[in-house]
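# An overview of the molecular structure
Residue strings, one per chain:
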Amino acid sequence: MQEKGQAIRRGLAGILMSDFREAMRHQAIADTPAVRRSLIRTAIAAVEGLTWMYREHIREYSNELGLLSDIENQAFAESIWAIDEAGKASEQKRYVSTTAMIRFSTEVAERFLPGCAPDYSGQGWSDLKSTFVLRNRITHPKKEADLKISDAELQQAISAFFWIAGNLIEIMERTSQSFRDRIAEYGEILELLKAGDETTLALYQRALRQR
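## So, the overall build of the protein
Helices and strands together make up the secondary structure of the protein, namely seven helices and two strands. In the protein, which comprises 211 residues, the share counted as buried stands at 39%. Intrachain contacts of the protein at a sequence separation of at least 6 include 65% that bridge at least 24 residues.

## Section: the packing of helix 2 (residues 33–64) against helix 5 (residues 123–139)
Where helix 2 meets helix 5, the closest approach of the two axes is 10 Å, and the angle between their N-to-C directions is 125°. Comparing their axes, helix 5 and helix 2 come out oblique. Relative to helix 5, the crossing made by helix 2 is left-handed. The residues of helix 5 that touch helix 2, namely those facing Arg-37, Ile-40, Arg-41, Ile-44, Val-47 and Glu-48, are Leu-128, Thr-131, Phe-132, Leu-134, Arg-135, Ile-138 and Thr-139. Its residues assigned to classes, the contact of helix 2 with helix 5 comprises seven nonpolar, two polar and four charged.

## What about helix 2?
Along an α-helix, residues three or four positions apart point the same way, because every turn accommodates 3.6 residues. Over its 32 residues, helix 2 extends 47 Å from the first C-alpha to the last, a length consistent with the 46 Å expected when each residue adds 1.5 Å. Backbone geometry just downstream of helix 2 places Gly-66 in the positive-phi region, at approximately 70°.

## So, helix 5
The end-to-end C-alpha distance of helix 5, which contains 17 residues, comes to 24 Å, matching closely the 24 Å that a straight helix rising 1.5 Å per residue would cover. Buried residues of helix 5: Gly-124, Trp-125, Asp-127, Leu-128, Thr-131, Phe-132, Leu-134, Arg-135 and Ile-138, and no others.

## What to know about the nonpolar core
Ile-40, Leu-50, Tyr-54, Phe-76, Leu-128, Phe-161 and Ile-164 are the most contacted members of the largest nonpolar core, which totals 40 residues. Secondary-structure elements contributing two or more residues to this core are helix 1 (2–29), helix 2, helix 4 (98–109), helix 5 and helix 6 (151–195). Beyond its immediate chain neighbours, meaning those up to four positions away, Ile-40 contacts Leu-134, Arg-135, Ile-138, Ile-149, Leu-154 and Ala-157.

## Points about the pairing of strand 2 (residues 89–93)
Across five bridges, strand 1 (residues 79–83) lies against strand 2 in antiparallel orientation. When the bridges of strand 2 are listed, Ser-79 appears paired with Lys-93. Adjacent in sequence and paired antiparallel, strand 1 and strand 2 are bridged by five residues, among which Gly-87 carries a positive phi angle near 80°.

## Topic: the packing of helix 2 against helix 4
The geometry of a pair of packed helices is captured by two quantities: the angle between their axes and the separation between those axes. Across the interface, helix 2 lies against helix 4 with an axial gap of 10 Å and an inter-helix angle of 25°. On the basis of the axis angle, helix 2 is roughly parallel to helix 4. The two elements helix 2 and helix 4 meet at a crossing, and its hand is left-handed. Judged by residue contacts, Val-47, Glu-48, Thr-51, Tyr-54, Arg-55, Ile-58 and Ser-62 of helix 2 engage Thr-98, Met-101, Ile-102, Ser-105, Thr-106, Val-108 and Ala-109 from helix 4.

## Examining the packing of aromatic side chains
If you walk through the whole model with that rule in mind, you get six aromatic pairs. When the ring of Trp-125 is compared with that of Trp-163, the centres are 6.4 Å apart and the planes differ by 65°; the resulting orientation is edge-to-face. Of this pair, Trp-125 sits in helix 5 while Trp-163 is found in helix 6, placing the two residues 38 residues apart along the sequence. Its relative accessible area of 3% is what places Trp-125 among the buried residues. Residue classification places Trp-163 among the partly exposed residues on the basis of a relative accessible area of 23%. In this structure an aromatic cluster arises from ring pairing among Phe-20, Phe-161 and Phe-162. The ring of Tyr-120 has Arg-103 sitting right over it, with the charged end atom 3.8 Å from the ring centre.

## Quick look at the side chain of Ser-105
Within the fold, Ser-105 resides in helix 4. For Ser-105, the side chain forms a polar contact with the main-chain oxygen of Met-101, separated by 2.8 Å. In this structure Ser-105 touches Tyr-54, Arg-55, Ile-58 and Phe-76, once residues within four positions along its chain are discounted.

## Section: the pattern of salt bridges
Under the counting rule described, the total for this entry stands at ten salt bridges. Residue Asp-31 pairs with Arg-36 through a salt bridge whose shortest N-O separation is 2.7 Å. Take Asp-31: its relative accessible area is 41%, and that puts it in the partly exposed class. Between Arg-36 and Asp-151 there is a salt bridge, and its shortest N-O distance comes to 2.6 Å.

Reading guide: rules and limits
- Residues numbered from 1 in each chain as written.
- Predicted model: local features only at pLDDT ≥ 70, side-chain atom pairs only at ≥ 80, totals over all residues.
- Heavy atoms only, no water.
- Helix = DSSP H or I, 4+ residues; strand = E, 2+ residues; numbered from the N terminus.
- Buried < 20%, exposed > 50% of the residue type's maximum accessible area, 1.4 Å probe, protein only.
- Contact = heavy atoms within 4.5 Å.
- Axes fitted to C-alpha atoms, helices over the stretch in contact; angles between N-to-C directions.
- Parallel < 35°, antiparallel > 145°, perpendicular 65-115°, else oblique.
- Left-handed = near helix turned anticlockwise from the far one by under 90°.
- Nonpolar A, V, L, I, M, F, W, Y, C, P; charged D, E, K, R; others polar.
- Expected span 1.5 Å × (residues − 1).
- Core = buried A, V, L, I, M, F, W, Y, C linked by side-chain atoms within 4.5 Å.
- Pairing = 2+ DSSP bridges.
- Phe/Tyr/Trp six-rings, centres within 6.5 Å; stacked < 30°, edge-to-face > 60°.
- Lys NZ or Arg CZ within 6 Å of the ring centre and 35° of its normal.
- Polar contact = N/O pair within 3.5 Å; in protein donor to acceptor, adjacent residues only side chain to side chain.
- Salt bridge = Lys/Arg side-chain N within 4 Å of Asp/Glu carboxyl O.

Here it is, written out as structure tokens:
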């Protein structure tokens, strides 16, 4: 099931990247206000899609390693359970912003890949948040000026996309390797148990705890 999910996400990533590349190509050919707005929407759609891939990747590996609580699994699913006066339980969806989900997923990832978080105080994260504000502004305009996108805003959005996409993809690659390393360690422990070497096993477990 995990391999099938990964294959689906790889296909989604390709489509998202292709859409963004095409939007950039279109803007380079015909730099109109409408094309700029389309590029911003495409950039944010790609970020949201990549964030979904990222959170599912981290959630699956964390569950395999037994690192998630029930509450955290509910947070990943963006839902809570409530019981009404009739005693019926129902799931209630809760909206979680893309930036909040990135930070939550990364905090979980750091449990088995310490130090993987991007710099939230840097320009990249600031540009990403500003691009979400820009997308919301052109999607829900209150005046004509809201629909205009400056050269600086356009470049900021493009930089933000490449920054966050690069970070999320790198963390997914590194967590995949960390997961494989953990599985290999479990295999080594199993072999020690089979051999009945309790002393070596105790030393091995102590070394793992001290990492």
